[in-house]
Structures are given as structure tokens and as C-alpha cells.
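Residues per chain, in single letters:
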Amino acid sequence: MGNFGQLMDGFAVALTTHHVLIMIAGVLLGLVVGVLPGLGAPNGVSLLLPLTFGMDPIAAIILLTSMYWGALFGGSTTSILFNIPGEPSSVATTFDGYPMARKGEAVRALTLAFGSAGIGAMTGVIVITLLSGWVAQFALRFGAAEYFAVYFMAFASFIGMSGGSPFKTLVSMMLGFACATIGMDTISGESRLTFDWDPLIGGVSFLIAVIGLFGLGELLITMEEGVKFEGVKARLSMTEIFRTLAELPRYWATLIRSAAIGCWMGITPGGPTAASFMSYALGRRFSKRGSKFGTGEPEGVVAPETADHSAGSCALLPMLALGIPGSATAAVMMGGLMIWGLSPGPMLFTTRPDFVWGLIASMYLGNVIAVVLVLATVPLFAYVLRAPFKVVGPIIAVVCVIGAYTVANHMFDVWLALVFGVLGYAFKKLNYPLAPFVLAMVLGDKAEDAFRQALLTSDGSASIFFANGLVATMMGLGILLLLLPAISYVHRRFKPDGAREGVVSVVAAARYDGRDAPATTAGQ
């Protein structure tokens, strides 16, 4: 009952006219971010961060989370109507959503997507409500060694649970660590990797990196592939919407399985993209109509959308309770908390319960608002997306440049964002993941500080990381996650061919790269 009472207090904070208007504005901004190719939730949140510096932290985080929900829904809209995923996590939705739209079932596909997304998001928020207090109390037992073990598990999870190459994930993470070390050493006070260049003394802002990597980098890829906006007209009928919503309980098994996958991948650093692919692959394998997936099967829309949104919600739980973001967007939000003077972790629940529970309450309201608004604005965004890319592209570029400059009002940051844009382009072309890079940039210095503090207290003995059952268990799990790719490889090598085929299909789906979708669209 303790969490329920605090949640009611949170609703008292969130249910004010000011905060509800902020939710509506945030969802609308998120829809724009999700609909326009080249932008995404991490970049959209980073662009809004400078605008929140003068706001109350509760209002600021409500704005950012509402924008996040809107971006997830907006990405689904373009996936179904145009076969262009506005968000990487919406790629799996295109497999069956767009074929449904081409068959004249656009309204049904959109309603299934938004309805299942709302169920997935609500499941994630309920999990946060039930577990956040327990996770925070448990985390009070943590010292420097335990915190390093948590960071180590987070980094190892990205390597062990990534759908792509573990080696590429490791390289991306190491580059993020390198960027995190630039600037002033927090323990010794010495400058590192600045090359006597004053603009680098303060380090590299993760906001600049995100704007370049996710915004400008994706824009360069889109320009190269020549995306054409050729969509399907969608006229919303309220009768069709309610008829489709009544159809959702038929897919209860898919909803439960996908929500569970999403919650797990959100709490661990798998993220919404990996969750949507995994849910789609498992849905195809366990469905009675699995052979119809890819031709416009409703379950092929329900599965990835449910997992996507439940993972997106649950990704905020480790960020709030442990200071460990479960996705790239959660990593950007955690940076925002630190900018506002708040320290993510167990003490946040004690020092600012109004902030934490106001945020959780706003997540319930924000998801309901997002479902309503996204259904109402589909025809509008379908019309906007008929604008030529030569008009939309420069607007995205200008937004990214303005966002980079407003971080610190330095022209150097704009040039740095361009450098990260080229790096993001190279990452995409070479199929290197960006989320581990962002995670390492945000958590690299924290992990280093925890590691060095633990060694200082133990006089340099590494045995402190196995000194008690808690830290030893977490370090053991981290090591196991690091070895998971090798274990999976050996398992596949010695598996019979018939059994191996099912595993390969899941892995192939997980490794699918969203950047191929626009190219496919352009060729249709």
C-alpha cells in the first residue's frame, strides 16, 4: 500500500492544468519527432533539454517523457502508412503493418498498433510502480564496488544481449569510453585527452554527441538512400476503431508474451529496438499463423508494438532507481536529471519523492493522452509527409544545428556535432550500434570513479569486487553476459540443422538493420 499511497500523491502532482498542458505539448512534439525520418526519441529529447533548464524539474521531466511516448507512437504511424520507420524500434512494425495498409486496412493496422502499444506501455508503468520502491531500497546497500558491478553488468548486457556483432558493440562502447575520459579527471584534477585545447577542458557534452549521432548522422544516411514519401491515405472511422479495439483480446497470448519480453529488455539494457525484433520473431514462431507473417498479419503488428512500448516504459526504472539507463533515450534523460541538480539512484526516492512519483503518475496520463492524440493526428501527419524531402531535410538539419549551439552557446559545439554526425553516418554504414556509445559516454566517468574508489578502499586489491554475496553475484552475472555470445556460438555449432534453423531465424530478425527499410521503400 505504500507505493499506492505515493502514487496517489504523484497523481495530485501530475493532475494539474499546467502539467496536463505540458503532457499534451510534449506528446505533439514527440509525434513530430517520431514521424520525421532523421529525428528520433534520443535526438528529440536532447534537443528539448536546453529548453528545460529554466523549468521546474517535475515539469521538465514530464515534458521529456511525454515527448518520448509521442515519438514512439509517431514512428509507428510512418511505419504503417509509408513503410518508413520514424524510430529504429518501429522497423519490425513495417513487416506486417505496411502490407495491411496496402490491402486497405490502414485504420485497422493503426488501431491495432496504438491499442497494443498502449497496453504495453501501461504494463511497463505498472511494473515501475510495483518494483521501483523495492529496487531503490535494495540499492541502499550499495557501495563503490556494488555500483561498479551494476555498471559492469549494464555494459556486459549490451555485449551479451545485442542482436548484432558483439565485437562491434564492444568497439562502439570503447569509443564512448574514450569520449567520456576527455576533460578534467574528477579524482586527480588533471586534464586528459584535451591536447592543450581549451574547449575540451570541460569534456565532450553527451548532448552534442547525441545530436550529431542520431540527428545529423541519420540525416546523411537518409539523403544518400533517397527516401521517397509515398504513403497510404488513411481516413479514420470511429466504428472501425472500436471494432478493432474489441478484436485485441483475441491476441491475449501475444500481448502477454510481448509485454514480458519488453519489460525484461527495458529493465536490462536491451532497449525497445531489440525487444520489438525479439517479440516479432518469437510471435512468428509460436503463432498458429506464423507462415502468414510478413503478408499483413495482425499479430505481426501487435507483437512488436507491445514489446516496443513496454520496453520503452521499463527502461526508466533502472535509470531512476539505480542510475543505470535501460536505453539511449533513458541515458539522455538521466543526463537531464544531473543537469537539473538531481542525482538518479536510490536516494532520489527519499530526497525527492514528489519528483519520482509525479513522474510515474504522469506516465499513466501521458500514455492515455498519446493514444488519443495519435489517432486524431494521423491524417495530418500523412499530409505533412507528402512534402518533398528537399524541404523536410533542411528543416531537420537546422533544428540539429540550433540544438547543438544552444547547449552552451559555443560555435565549437556546432562543429563538434558535425564531427559526430559523420561518425554516426560511418556507424550506420558499417552497422555499428549507437546505443552502447551513448551509454558509455554517460556512464563511463561514473563507472571509472566507482572502480577507482573501490580500489582505494581496498588498497588496490581486486578482491573487493567479490567480497560479499551481492557484489560477487552481480560480477558473476556480468562475466556470464560477456561470455554469452561465445556460449551461443558453441550452442549453434553443435545443434542439429533442423533445430538450428529456428535459432538462426530469430537471430537474423534481431540483426535486421532499420536503415535498409527506406531503401526498400524507395525501390517499390
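Model, not experiment: these values are computed from the prediction. Each chain has its residues counted from 1, following the order in which its sequence is written. Local features are withheld for residues below a pLDDT of 70 in this predicted model, meaning they are given only at 70 or higher, and side-chain atom pairs are given and counted only at 80 or more; totals for whole chains, interfaces and linings count all residues. Just so you know, side-chain values use all the structure's heavy atoms and leave hydrogens and water out.

Asks: Residue-level account of helix α19 (residues 411-429), with values.
Replies: Here α19 spans 28 Å end to end across 19 residues, near enough to the 27 Å set by a 1.5 Å rise per residue. One or two steps after α19, the chain reaches Asn431, where phi turns positive at roughly 60°. Helix and strand labels come from DSSP, where a helix needs a run of H or I of at least four residues and a strand needs a run of E of at least two; each type is numbered from the N terminus. To estimate how far a helix should reach, multiply one less than its number of residues by 1.5 Å.

Asks: If you had to explain the environment of Ile360 to someone new, which residues and values would you point to?
Replies: Mapped onto the secondary structure, Ile360 falls in helix α17 (residues 353-384). Excluding its chain neighbours within four sequence positions, the residues that come into contact with Ile360 are Leu7, Val125, Ile128, Thr129 and Ser132. Any two residues having at least one pair of non-hydrogen atoms within 4.5 Å are treated as being in contact.

Asks: Can you tell me about the packing of helix α11 (residues 252-267) against helix α13 (residues 299-314), naming the residues and giving the values?
Replies: Orientation is described by lines fitted to C-alpha atoms, with helices fitted over the stretch in contact, and by angles between N-to-C directions that extend from 0 to 180 degrees. Two elements in contact, α11 and α13, have axes separated by 7 Å at closest approach and are oriented at 35°. In terms of crossing hand, the pair formed by α11 and α13 is right-handed. From α11, Thr254, Leu255, Ser258, Ala259, Gly262, Cys263, Gly266 and Ile267 reach across to α13, where they touch Glu299, Val302, Ala303, Thr306, Ala307, Ser310, Ala311 and Cys314. Note on residue classes: Ala, Val, Leu, Ile, Met, Phe, Trp, Tyr, Cys and Pro are nonpolar, Asp, Glu, Lys and Arg are charged, and everything else, Gly too, is polar. Looking at the contact of α11 with α13, its residues break down into nine nonpolar, six polar and one charged. Note: crossing handedness is left-handed where the near helix turns anticlockwise from the far helix by less than a right angle, and right-handed where it turns clockwise.

Asks: Tell me about the state of the cysteines, and please be specific about residues and values.
Replies: Count a disulfide wherever a pair of cysteine sulfur atoms falls within 2.5 Å. In the structure shown here, the tally under the stated rule is zero disulfides. The structure places no disulfide on Cys263, whose sulfur is separated from the nearest cysteine sulfur, that of Cys314, by 3.5 Å.

Asks: Residues and numbers for the environment of Ile61, please.
Replies: Relative to the helices and strands, Ile61 resides in helix α4 (residues 57-82). For the pair Ile61 and Leu49, spaced twelve residues apart in the sequence, the C-alpha separation amounts to 9.4 Å. In contact with Ile61, other than residues within four places in its own chain, are Leu337, Trp340, Phe355 and Leu359.

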